[in-house]
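Chain residues, written in single-letter form:
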Amino acid sequence: MVATCLHLAGFICSFIGWIGVIVATSTNDWVVTCGYTITTCRKMDELGSKGLWADCVMATGLYHCKPLVDILILPGYVQACRALMIAASVLGLPAIFLLITVLPCIRMGHEPGAAKYRRSQLGGILIILLAMCGVVATIWFPVCAHRETTIMSFGYSLYTGWIGSALCLFGGCVIVCCSGDAQTFGENRFYYASGSSSPTHAKSAHV
């Protein structure tokens, strides 16, 4: 029962984290930059927002974005972070599907617990790979962006990526390490006593 609860908790964390990674991938508020000195930018009330897909300018009553469509002139770190975040988002699809099929409330005929256990382990490993791609991209991007311009602060997209990657890493580790063994995976056993003078009978229920 404990292993089932841990597996369910790992799945929920992984799913929420995957959604966070997708949000971080699709939005552009990764870092807030300043083209001048910080004091000058504050006086001019003009800041920049840099992401994977566009560079934006934020000023009073103005928010203008320039899409980064020319791949040939993009910095290498932007292209690499794009690839990592896209890979993380795509890896989540088979991982979440595998984990859904092994949830306690899902039954696929008379499938043995060992088969569900293997799918659970594969899904957990994919979630961990997803998390590692997200962690590398969300750390690499601000470090390299700081070398090009002055970073004022981190944007909500970067925080979302960090939180999503952390949840996926935690959930994946829980799924891989705390799901029990292959023989008893997906089983709950309830024991009932028929009386004080009669022997105890065991009843198994597959969830």
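Rules and cut-offs
Residues numbered from 1 in each chain as written. Predicted model: local features only at pLDDT ≥ 70, side-chain atom pairs only at ≥ 80, totals over all residues. Heavy atoms only, no water. Helix = DSSP H or I, 4+ residues; strand = E, 2+ residues; numbered from the N terminus. Buried < 20%, exposed > 50% of the residue type's maximum accessible area, 1.4 Å probe, protein only. Contact = heavy atoms within 4.5 Å. Pairing = 2+ DSSP bridges. Core = buried A, V, L, I, M, F, W, Y, C linked by side-chain atoms within 4.5 Å.

A word on the side chain of Thr 101
One can find Thr 101 in helix H3 (residues 76-101). Residue classification places Thr 101 among the buried residues on the basis of a relative accessible area of 11%.

Concerning the environment of Leu 47
Examined against the element boundaries, Leu 47 turns out to sit in strand S2 (residues 46-50). Considering only alpha carbons, one finds Leu 47 and Val 32, 15 residues apart in sequence, at a separation of 6.8 Å. In this view, Leu 47 contacts Val 32, Thr 33, Cys 34, Cys 41, Cys 56, Val 57, Met 58 and Met 152; residues no more than four positions away in its chain are not counted.

Digging into the side chain of Thr 33
Residue placement: Thr 33 occurs in strand S1 (residues 31-34). The buried category is assigned to Thr 33, whose relative accessible area is 10%. Excluding residues within four positions of it along the chain, Thr 33 makes contact with Leu 47, Gly 48, Ser 49, Lys 50, Thr 149, Thr 150, Ile 151 and Met 152.

Section: the pairing of S2
Where S1 meets S2, three bridges bridge the pair, whose relative direction is antiparallel. Bridge assignment links Val 31 to a residue of S2, and that residue is Lys 50. Pairing of S2 with strand S3 (residues 54-59) involves five bridges; the strand directions are antiparallel. Across the sheet, residue Ser 49 finds its bridge partner in S3, namely Cys 56. Counting the residues between successive antiparallel strands, the hairpin from S2 to S3 contains three residues.

Notes on the nonpolar core
Ranked by size, the top nonpolar core spans 32 residues in total, and within it Met 85, Ile 127, Leu 130 and Phe 141 carry the most contacts. Of all elements in the fold, only helix H1 (2-26), H3, helix H4 (113-148) and helix H5 (156-177) reach the threshold of two or more residues within this core. In this structure, Phe 141 is in contact with Trp 30, Val 31, Lys 50, Gly 51, Leu 52, Tyr 77, Val 78 and Cys 81, ignoring residues within four places of it in sequence.

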